[in-house]
Amino acid sequence: MAGNKERGICSALTSALFEYDTNKVVHIRSKTIGITNRLVQFTIICYVIVYVIIIKKGYQDTEKPYSSVTTKVKGTALTNLTSTSGQSFPLYGGVHLWDSPDYIVPPEENGAFFVMTNMIITPNQTQGTCPEDPNERDVNCTNDSECLAGTPVEYGHGVRTGKCVLADRGKAGLKVCQIYSWCPIEIDVVPMPDFNLTNGEPLLDTENFTVLIKNNVQFPKFNESKRNIQKGSKLKSCVYDPVTDPLCPIIKLGTIVKLAREDYKSLAFQGGVMAIIINWECNFDPLTYSCQPEYSFRRLDDSESPVAPGYNFRYARFYEKDGKLYRTIFKAYGIRFVVLVYGQGGKFNIVPLLVNVGSGLALLGIATVFCDIVVLYVVKGKTYYRTQKYQYVHDPDHPTEEKSLLGREISDR
Amino acid sequence: MAGNKERGICSALTSALFEYDTNKVVHIRSKTIGITNRLVQFTIICYVIVYVIIIKKGYQDTEKPYSSVTTKVKGTALTNLTSTSGQSFPLYGGVHLWDSPDYIVPPEENGAFFVMTNMIITPNQTQGTCPEDPNERDVNCTNDSECLAGTPVEYGHGVRTGKCVLADRGKAGLKVCQIYSWCPIEIDVVPMPDFNLTNGEPLLDTENFTVLIKNNVQFPKFNESKRNIQKGSKLKSCVYDPVTDPLCPIIKLGTIVKLAREDYKSLAFQGGVMAIIINWECNFDPLTYSCQPEYSFRRLDDSESPVAPGYNFRYARFYEKDGKLYRTIFKAYGIRFVVLVYGQGGKFNIVPLLVNVGSGLALLGIATVFCDIVVLYVVKGKTYYRTQKYQYVHDPDHPTEEKSLLGREISDR
Amino acid sequence: MAGNKERGICSALTSALFEYDTNKVVHIRSKTIGITNRLVQFTIICYVIVYVIIIKKGYQDTEKPYSSVTTKVKGTALTNLTSTSGQSFPLYGGVHLWDSPDYIVPPEENGAFFVMTNMIITPNQTQGTCPEDPNERDVNCTNDSECLAGTPVEYGHGVRTGKCVLADRGKAGLKVCQIYSWCPIEIDVVPMPDFNLTNGEPLLDTENFTVLIKNNVQFPKFNESKRNIQKGSKLKSCVYDPVTDPLCPIIKLGTIVKLAREDYKSLAFQGGVMAIIINWECNFDPLTYSCQPEYSFRRLDDSESPVAPGYNFRYARFYEKDGKLYRTIFKAYGIRFVVLVYGQGGKFNIVPLLVNVGSGLALLGIATVFCDIVVLYVVKGKTYYRTQKYQYVHDPDHPTEEKSLLGREISDR
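Residue indices begin from 1 for each chain and proceed along its sequence in written order. To label them, take the chains in the order written and letter them from A, then take the ligands in the order written and number them from 1. Thresholds applied to this predicted model are a pLDDT of at least 70 for local features of residues and 80 or more for the giving and counting of side-chain atom pairs; totals over whole chains, interfaces and linings are not thresholded and use all residues. With hydrogens and water stripped out, all remaining heavy atoms of the structure feed into the side-chain values.

Listed in UniProt under the heading Subcellular location (unreviewed entry), the comment for chain A reads: "Cell membrane". UniProt positions are given in the numbering used here, feature names are shortened, and annotations may be inferred rather than shown by experiment.

Caption draft 1: Representation of the overall build of chain A in the model. Helix and strand definitions here come from DSSP, where helices need a minimum of 4 consecutive H or I residues and strands a minimum of 2 consecutive E residues; each element is numbered from the N-terminal end. Within chain A one finds 8 helices and 18 strands. It is over C-alpha atoms that the radius of gyration is taken, and the globule rule equals 2.2 Å times the number of residues to the power 0.38. Radius of gyration (C-alpha) of chain A: 39 Å, far over the 22 Å computed for a compact globule of 413 residues. Throughout, exposure labels follow a simple rule: accessible area from a 1.4 Å probe, protein chains only, divided by the maximum for the residue type, with under 20% read as buried, over 50% as exposed, and the rest as partly exposed. The buried share of chain A, taken over its 413 residues, is 55%. Long-range pairs, those at least 24 residues apart, make up 67% of the contacts in chain A between residues at least 6 apart in sequence. Once the 45 positive and 43 negative side-chain charges of chain A are each reduced to a mean point, those two points are 8 Å apart. Should any heavy atoms of two residues lie within 4.5 Å, those residues are counted as being in contact. When charges are tallied, Lys and Arg are placed among the positive residues and Asp and Glu among the negative ones, while His and the ends of the chain are skipped. A charged residue contributes its charge at one atom only: NZ of Lys, CZ of Arg, CG of Asp or CD of Glu.

Caption draft 2: Seen up close, the relation of the copies chain C and chain A. Here the copies are superposed with least squares, the fitted atoms being C-alpha atoms of residues at a pLDDT of at least 70 in both. Here chain C sits on chain A after a turn of 120° about the axis and a move of 0.0 Å along it, with an RMSD of 0.1 Å. In symmetry terms, the pair is related by a three-fold rotation axis.

Caption draft 3: Here's a closer look at the UniProt feature "binding site: ATP" (unreviewed entry) in chain A. Residues annotated in UniProt with the feature "binding site: ATP" (unreviewed entry) correspond here to Lys72(A), Val73(A), Lys74(A), Thr210(A), Asn312(A), Phe313(A), Arg314(A) and Lys331(A). Spanning 260 residues, the annotated positions stay apart in the fold, the maximum distance between their C-alpha atoms being 24.2 Å. Checked against the element boundaries, Thr210(A) lands in strand 11 (residues 210-219). Since its relative accessible area comes to 6%, Thr210(A) is described here as buried. Once residues lying within four places of it in the same chain are set aside, the contact partners of Thr210(A) are Lys72(A), Val73(A), Lys74(A), Ile250(A), Ile251(A), Lys252(A) and Tyr155(C). Following the sequence through the fold, Lys331(A) ends up in strand 17 (residues 324-348). Setting aside residues no more than four positions away along its own chain, Lys331(A) makes contact with Asn118(A), Met119(A), Ile120(A), Glu186(A), Asp188(A), Asn312(A), Phe313(A) and Arg314(A).

Caption draft 4: Focus on the UniProt feature "transmembrane region" (unreviewed entry) in chain A. Residues and elements named next belong to chain A. This chain's UniProt record puts "transmembrane region" (unreviewed entry) on residues 39-55 and 357-379. Annotated as 100% helix and 0% strand, the span residues 39-55 places its first and last C-alpha atoms 21 Å apart. Overall, residues 357-379 shows 96% helix and 0% strand. The separation of its end C-alpha atoms is 32 Å.

Caption draft 5: How the structure looks around the sheet that holds strand 6 (residues 94-98) of chain C. Residue and element names in this part refer to chain C. Here, a strand pair is defined by DSSP locating no fewer than two bridges between the strands. Taken in spatial order, the 3 strands make up an open sheet running 6-5-10, and their pairing is antiparallel. Where the open sheet ends on each side, the last strands, each with one partner, are strand 6 and strand 10 (195-196). Across 5 bridges, strand 5 (residues 77-83) lies against strand 6 in antiparallel orientation. Its bridge partner lying in strand 6, Asn80 is registered against Val95.

Caption draft 6: Seen up close, the packing of helix 6 (residues 350-378) of chain B against helix 7 (residues 382-389) of chain B. All names here are of chain B. Two elements in contact, helix 6 and helix 7, have axes separated by 6 Å at closest approach and are oriented at 120°. When the axis of helix 6 is compared with that of helix 7, the two are oblique. Residue-level contacts link Asp372, Val375, Leu376, Tyr377 and Val378 of helix 6 to Lys382, Tyr385, Arg386 and Lys389 of helix 7. Of the residues contributing to the contact of helix 6 with helix 7, the split by class is 5 nonpolar, no polar and 4 charged. Note on definitions: angles span 0 to 180 degrees between N-to-C directions of axes, and those axes are lines fitted to C-alpha atoms, for helices only across the stretch in contact. We call two directions roughly parallel when the angle between them is under 35 degrees, roughly antiparallel when it is over 145, roughly perpendicular when it lies between 65 and 115, and oblique otherwise. Nonpolar residues are Ala, Val, Leu, Ile, Met, Phe, Trp, Tyr, Cys and Pro. Charged residues are Asp, Glu, Lys and Arg, and all others, Gly as well, are polar.

Caption draft 7: Summary view of the interface of chain C and chain A. Facing the 95 residues of chain C at the interface are 78 residues of chain A. Reported buried area values correspond to the accessible surface (1.4 Å probe) lost by two parts on association, with both partners' losses combined. Taken together, the two surfaces of chain C and chain A that pack against each other cover about 7,700 Å², and 56% of this comes from carbon and sulfur. Arg327(C) is paired through a salt bridge with Asp102(A); the nearest N and O atoms lie 2.9 Å apart. Two N or O atoms count as a polar contact when they lie within 3.5 Å, although within protein this holds only if one can serve as hydrogen donor and the other as acceptor, and sequence-adjacent residues are included solely when both atoms are side-chain atoms. Counting every contact that joins chain C to chain A gives 34 residue pairs in polar contact (both at pLDDT 80 or more). Here the side of chain C that touches chain A gets 10 residues from one element, more than from any other, and that element is strand 17 (residues 324-348) of chain C. Taken together, the residues of the side of chain C that touches chain A sort by class into 43 nonpolar, 25 polar and 27 charged. Sheet topology places strand 1 (residues 19-23) of chain A next to strand 2 (residues 25-29) of chain C; 5 bridges connect them, and they run antiparallel. Across the sheet, the residue bridging to Glu19(A) is Arg29(C), located in strand 2 of chain C. Criterion for a salt bridge: a side-chain nitrogen of Lys or Arg within 4 Å of a carboxyl oxygen of Asp or Glu.

Caption draft 8: Spatial organisation of the sheet that holds strand 6 (residues 94-98) of chain B. All names here are of chain B. Strands sit in the order 6-5-10 across an open sheet of 3 strands; the sheet is antiparallel. Where the open sheet ends on each side, the last strands, each with one partner, are strand 6 and strand 10 (195-196). Bridge analysis of strand 5 (residues 77-83) against strand 10 gives 2 bridges, and the strand direction is antiparallel. Pairing of Thr82 across the sheet is with Asn196, part of strand 10.

Caption draft 9: Spotlight on the state of the cysteines. Any two cysteine sulfur atoms within 2.5 Å of one another count as a disulfide. All chains considered together, the criterion is met by 15 disulfides over all chains. Two residues, Cys282(A) and Cys291(A), share a disulfide whose sulfurs are 1.9 Å apart. Torsion about the S-S bond of the Cys282(A) and Cys291(A) cystine: about 60°, corresponding to right-handed handedness. Between the sulfur atoms of Cys147(C) and its disulfide mate Cys177(C) the distance is 1.9 Å. Where Cys147(C) bonds to Cys177(C) through sulfur, the torsion about that S-S bond is close to -85°, and the disulfide is left-handed. Of this pair, Cys147(C) sits in the loop between strand 7 (112-131) and strand 8 (159-166) while Cys177(C) sits in strand 9 (residues 175-183), and the two are 30 residues apart along the sequence. Grouping residues by exposure puts Cys147(C) and Cys177(C) together as buried. For chain A, numbering the cysteines in disulfides from first to last along the sequence yields the connectivity 1-6, 2-4, 3-5, 7-8, 9-10. Between Cys46(C), a cysteine without a disulfide, and Cys371(C), which holds the nearest cysteine sulfur, the sulfur-to-sulfur distance is 16 Å.

Here it is, written out as structure tokens:
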């Protein structure tokens, strides 16, 4: 018995190995249907080969790059702050030259840099009491009881001392809460009032400054690493130009803003955020190898934003005088340049190719479905074709079922 | 001959164009099998249409956003450092107000900001020799030979001078290596000892500070660009609330920490890293267009980390006195807020739709495979169905082979 | 009539529900074709199951991690700047100790840190006029008319005053334009000339410094969050070693450079950009759960770059003396470490599995196509098989068409 069973399994396996099942095909010779069929098939094959495989590079595995960016800005600009009242402006008054350690704050960032283009300088601040800026909320008062001691002024400069005092700076008559703060309080008006601002100072003329961008992209999946500065290239003294020198990594700030269709003067005055987009479309297949960066530029912030339009932040320089701490505070307006690295690398890989081919083969089934509908329900000889395509088989155990269905079939005709 | 061949190829092509092959189908009328078949097909079609196409948006091409973030923190806080010994604390002693240029270090980062909430201040450090902190490794000594001159103290503050001296700061009797360093050495204990710390100073009360987040996302594939501050919106004086004002870009630091289910006081004391997650789920199809940010908050660092729990770093403010360099060093504890931008944008694209449809059609083959097994091996009339489905063809060149296989087939029955 | 129609639709629906269509199959018993068929099928099934499903984890949905990184560098180094001319170097002369607040600039960055290893220090700069560096472009002159007042020197240090003066620093006889700038001008030569540089100072010995890296990765799709420092691990006093301690988050800078096969001394002298790559290959399936970081290191910049090789930037420390602003400027050469977080997490998901299975089933069609070609065009009995596979059907409305095609078929044989 056991031997018999074994032999049975063995012969079943052998038979399975030596058999081949192929679908029985009804071969219809008809101009209309034949052409329809070929047309649909042709469309699908075209779509798969031309669009999916060739244009969309369906034979490639893809990866987005990992990127690292360093930047270096060069350029100098002058300001000339002279008070209208004849008083000299401390530390930063008179002719003052600004170079990159002055206007790049902080000196280095990861994939970004900030160029200060406009500023409000408040030198010689020290800890003490002074009247709050009358433009802040909840600081106007008529007597001391309205200035609860110890409460900070919301969005303001310090903590109330509990006294109600006269506002300074020409706002005579107006009474505000006194605060403990860094005094004197910054006058938050740009351009800085009370100064002879020749050339719109302290607006720095940064339009002709240049930035050198070093970008390295990594494609770990393909073990490829690329730089925007190629070995042996003569990029030492170039300046980027979208037409004549599109690969040069040294770019004028004015060019960036112009190519983003923004006005440099107003951007510099109010500040803003610009994107330097480096796009790497890389093909790592040996025969069609190509991998070069493409630069483009765009403004990221909204110049008409309802909340805090433009871009600015405050930073301070601290110093000591006679054992007391002083600081100069800068409200720095400027352009924040963010380097965004886009793109993707592709290389031949069998998996996406087979997935696309498999999916394309499956789509060819659509041609058959469509033509079957035409053959069986549309063309004149549909009844004939139906009898040819279908071989009707009835459940041998339910002979009653047969009849009613046969009946339907006949009445259907 | 050549003409004959040409005519042959030509007629073959014509014939290929005018033919249509369709599978011969065995049409079985059976309740059981019919229902089984339709059920399996229905399940697969449902899965493809409902789950893949509709829920998973299989008709869309997707892209993750490229993002740029700028932030601005507002708020002020007081400290009041008074020594227990009556000595005044240099520069930062007494009532001291901290505003954003003081507690935001560095003043601007790319997609992150740091708010100092606690600190150890060591003012008036200058280059010189002093005893090392006795808590460092390998610094206890009994005589000079144990302090090899010129060797740096590992994880310590300076380089050994070769002398073994008495430790300072109340650790009388203990002898440690003298080092060349910035002196005096920082006392690395928090809160700062030897001070009357009213209100737990120098812990800053930053819980009510607010941050304005400006986020711009780019979807280059779809040429879309979105901002979290919409044009014309009345977000000027809002404060973020997860229920009443979930789109407001001005968020209280306390709200961030509370929504991440952390305790502000202990987080501020030890420092930590918080994520502000902005999630953009964008649908760029014209009819169902939607694209709005969603804010959520999470703590990233491990409050029970075995190595350096919390978050802190040191920075210095340098100044000159009588031609000599001095510095004030801050061990800054605080909350590092990292803005992570998640999400994806989707838009109708024919390729993923056809890939999913093609793959779905192929899956329909599973229904046929399953029902064929039922028809040919399970139901009562299986032998009958088998003869109907299969048309047996034998290799015309191996008539011997036929028999043995036929034999198996018969015994099989 | 309406009732009749209704009954018709109803019975059609019932019939569609109770029917099952399965392809009529021609079952060929032939060793050659059978084995060929099984071999091709076996190859495709192997590819799908072994390669796509198992190796490429085709049953998993994948996601790249979102990451946050903080770092902390420890270590101290000495410099000893002594002028050859006997003059003392202001502020930074003589023995000077450098600790992390001195050489980490800025004190904290998002996913990166900079360690200063070499520097050019120019102390006591103040605003004034001085001769430009003769190495700059367009500054050599013979008389004042060549130095147009108010024009900035391109890539230089300041703005021309209109005077042509003698160059300083030993370049006697050479005449250059005078500029308004921070004076004196930095001597851009490294190592700093005119100094007794014992031990190659001011090159800092940073090779033995260590960095602690805290990395947190988020997989929002799977709701998973991982840290490189695991809870309860004994990593407090470890030092990273690729063989003995590959999970330790405390890494010596020298180890990073050595594992990237770079020379520390030359990298430190000129500066450079190093990548610390943390690779997370995570499997979130319950049974095969694994998720650990793997560290690797690579140099990102090009040591032989034609433009600005190495890495450096300038930063300044400002101070006030007698009401006048002074600064010390550092040209900081050093190593910029960028922490790149790679990897992906995967978890079982039915969609990619079914897409791959569907695509695999479709590929099985290739076996049939291939074997059909063999059966119908290659093997001896092809004519016999053809008559068995195909059932010829002619357009009943075009009897003339039939003949010509039949004629082709016959001549074809």
